[in-house]
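Each chain is listed here by its residues.
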Amino acid sequence: LECFEHAVNAVEPKQLVKSKMKFENSLLQVNGCSFDLKKFKNIYVVGGGKAGGKMAQAIEELLGNHVTAGAVNIPYGTKQNTQVIELNEASHPVPDEAGVKGSLRIMAIVDKAQENDLVICLISGGGSALLAAPLAVPGFPLSLADKQETTRLLLACGAGIGEINCLRKHLSALKGGRLLRLL
């Protein structure tokens, strides 16, 4: 039981983030990389996933008032609280309108980020459902209803998460590297 509890605690999202990030004297160290926060005008935090709320809490506890703004999509019923980073509850595994609205908020934050800003992106399991912005392609209208039905059909036929995520990335304005391209 003690071994099990140690293993669970080792992957608890808040503790895991804090074990990989250190902040002291304006220097943020992330898994061996260093960032001098004095060099950045703004620090934005965006993301989504089942662990997103706890990861956002850890970032706020580490960086305090250095965080300018943020938005993270989390599942309904998640009980985390943050001061600056907006936690937007949405549906998982079938996306919903709240996930789209939160994703649009994330895209707006990313869109206003400039060259001298730092964007911290928090992604965990469940992010592919929670970051639900349909891809807008000229001549190929894609709606939230289309994404919902696709997800339902994939779940009903027994598709694995790898298969589901492979399709989701082709239907998303954020997945498949598109969030990075927005940055």
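Our subject in this report is the structure included herewith. As the structure is a computational prediction, the values presented were derived from the model and not from experiment.

### Overview of the overall build of the protein
Reasoning step 1: When helices and strands are counted, the protein shows 8 helices and 7 strands.
Reasoning step 2: Taken against the 2.2 N^0.38 rule, which gives 16 Å for 183 residues, the C-alpha radius of gyration of the protein at 17 Å falls within 12% of a compact globule.
Reasoning step 3: Projected onto the principal axes, the alpha-carbon positions of the protein cover approximately 50 × 50 × 25 Å.
Reasoning step 4: Looking at the 183 residues of the protein, the share that counts as buried comes to 44%.
Reasoning step 5: For the protein, contacts bridging at least 24 residues in sequence account for 67% of all contacts bridging at least 6.
Reasoning step 6: Here the protein displays about 10,200 Å² of accessible surface, and carbon together with sulfur accounts for 56% of that area.

### Thoughts on the pattern of salt bridges
Two side chains that carry opposite charge are able to pair once their charged atoms sit near each other.
Reasoning step 1: Counted according to the given criterion, the structure contains 4 salt bridges.
Reasoning step 2: The salt bridge involving E61 is made with K14; its shortest N-O contact spans 2.8 Å. Taken together, the residues span a long stretch of sequence, with E61 in helix 3 (residues 52–63) and K14 in helix 2 (residues 13–20) at a distance of 47 residues.
Reasoning step 3: For E61, a relative accessible area of 44% gives the class partly exposed.

### Section: the sheet that holds strand 4 (residues 43–48)
Each strand in a sheet pairs with its neighbour through backbone hydrogen bonds, running either in the same direction (parallel) or in the opposite one (antiparallel).
Reasoning step 1: The 4 strands lie next to each other as 6-5-4-7, forming an open sheet whose pairing is parallel. A strand with exactly one partner marks an edge of an open sheet, and here the two such strands are strand 6 (85–90) and strand 7 (118–123). Adjacent strand axes in the sheet meet at a mean angle of 20 degrees when their direction is disregarded.
Reasoning step 2: Strands in contact with helix 3 are strand 4, strand 5 (69–75), strand 6 and strand 7; relative to strand 7, the strand with the most contacts, it is inclined by about 145 degrees.
Reasoning step 3: With respect to the sheet, helix 4 (residues 97–112) is in contact with strand 4, strand 5 and strand 6, its orientation differing from that of strand 5 by roughly 155 degrees.

### Notes on the nonpolar core
Reasoning step 1: Membership of the largest hydrophobic core comes to 19 residues, with the highest contact counts inside it found for V45, I59, L63, I120 and L122.
Reasoning step 2: Going through the elements one at a time, strand 4, helix 3, strand 5 and strand 7 are the ones with two or more residues in this core.
Reasoning step 3: If one sorts the elements of this core by residue count, helix 3 sits on top with 5 residues.
Reasoning step 4: Beyond its immediate sequence surroundings of up to four residues, L122 is in contact with V45, V46, G47, G48, M55, A56, I59 and V72.
Reasoning step 5: Of all hydrophobic cores here, the second largest spans 11 residues; its members include I106, I109, A113 and L131.

### Focus: the pairing of strand 5
Reasoning step 1: Taking burial as the measure, the 7 residues of strand 5 include 7 buried ones, the bulk of the element.
Reasoning step 2: Neither face of strand 5 is left uncovered, since the one carrying A69, A71, N73 and P75 and the one carrying G70, V72 and I74 both have all their residues buried.
Reasoning step 3: A crossover links strand 4 with its parallel partner strand 5, the connecting element being helix 3, and its sense is right-handed.
Reasoning step 4: Here strand 5 pairs with strand 6 via 6 bridges, running parallel. Across the sheet, residue A71 finds its bridge partner in strand 6, namely E86.

### A word on a nonpolar patch on the surface
Reasoning step 1: The grouping of L1, F4 and V8 at the surface amounts to a nonpolar patch, some 360 Å² of accessible area in total.
Reasoning step 2: Positionally, F4 belongs in helix 1 (residues 2–10).

### Thoughts on the layout of surface pockets
Reasoning step 1: Taken as a whole, the largest pocket holds about 180 Å³ of empty space.
Reasoning step 2: In terms of lining, the largest pocket is formed by L16, V17, K20, M21, L28, V30, F35, L118, V119, I120, C121 and L122.
Reasoning step 3: Secondary structure elements with two or more residues in the lining of the largest pocket: helix 2, strand 2 (27–30) and strand 7.
Reasoning step 4: Looking at the lining of the largest pocket, the element that brings in the most residues is strand 7, giving 5 residues.
Reasoning step 5: Of the residues that constitute the lining of the largest pocket, the class distribution is 11 nonpolar, no polar and 1 charged.

Criteria and cut-off values
Residues numbered from 1 in each chain as written. Predicted model: local features only at pLDDT ≥ 70, side-chain atom pairs only at ≥ 80, totals over all residues. Heavy atoms only, no water. Helix = DSSP H or I, 4+ residues; strand = E, 2+ residues; numbered from the N terminus. Rg over C-alpha atoms; globule rule 2.2 N^0.38 Å. Buried < 20%, exposed > 50% of the residue type's maximum accessible area, 1.4 Å probe, protein only. Contact = heavy atoms within 4.5 Å. Areas by Shrake-Rupley, 256 points an atom, 1.4 Å probe, with all protein chains shown as cover. Salt bridge = Lys/Arg side-chain N within 4 Å of Asp/Glu carboxyl O. Pairing = 2+ DSSP bridges. Axes fitted to C-alpha atoms, helices over the stretch in contact; angles between N-to-C directions. Core = buried A, V, L, I, M, F, W, Y, C linked by side-chain atoms within 4.5 Å. Right-handed = clockwise from strand over helix to strand, strands pointing away. Patch = residues over 30% accessible without salt bridge, like charges linked within 9 Å, V, L, I, M, F, W, Y side chains within 5 Å. 1 Å grid on protein atoms, 1.4 Å probe; cavity = no way out; pocket = protein on both sides within 12 Å on 5 of 7 lines; lining within 4 Å. Points joined across faces, edges and corners; volume = space filled by probe spheres on them. Nonpolar A, V, L, I, M, F, W, Y, C, P; charged D, E, K, R; others polar.

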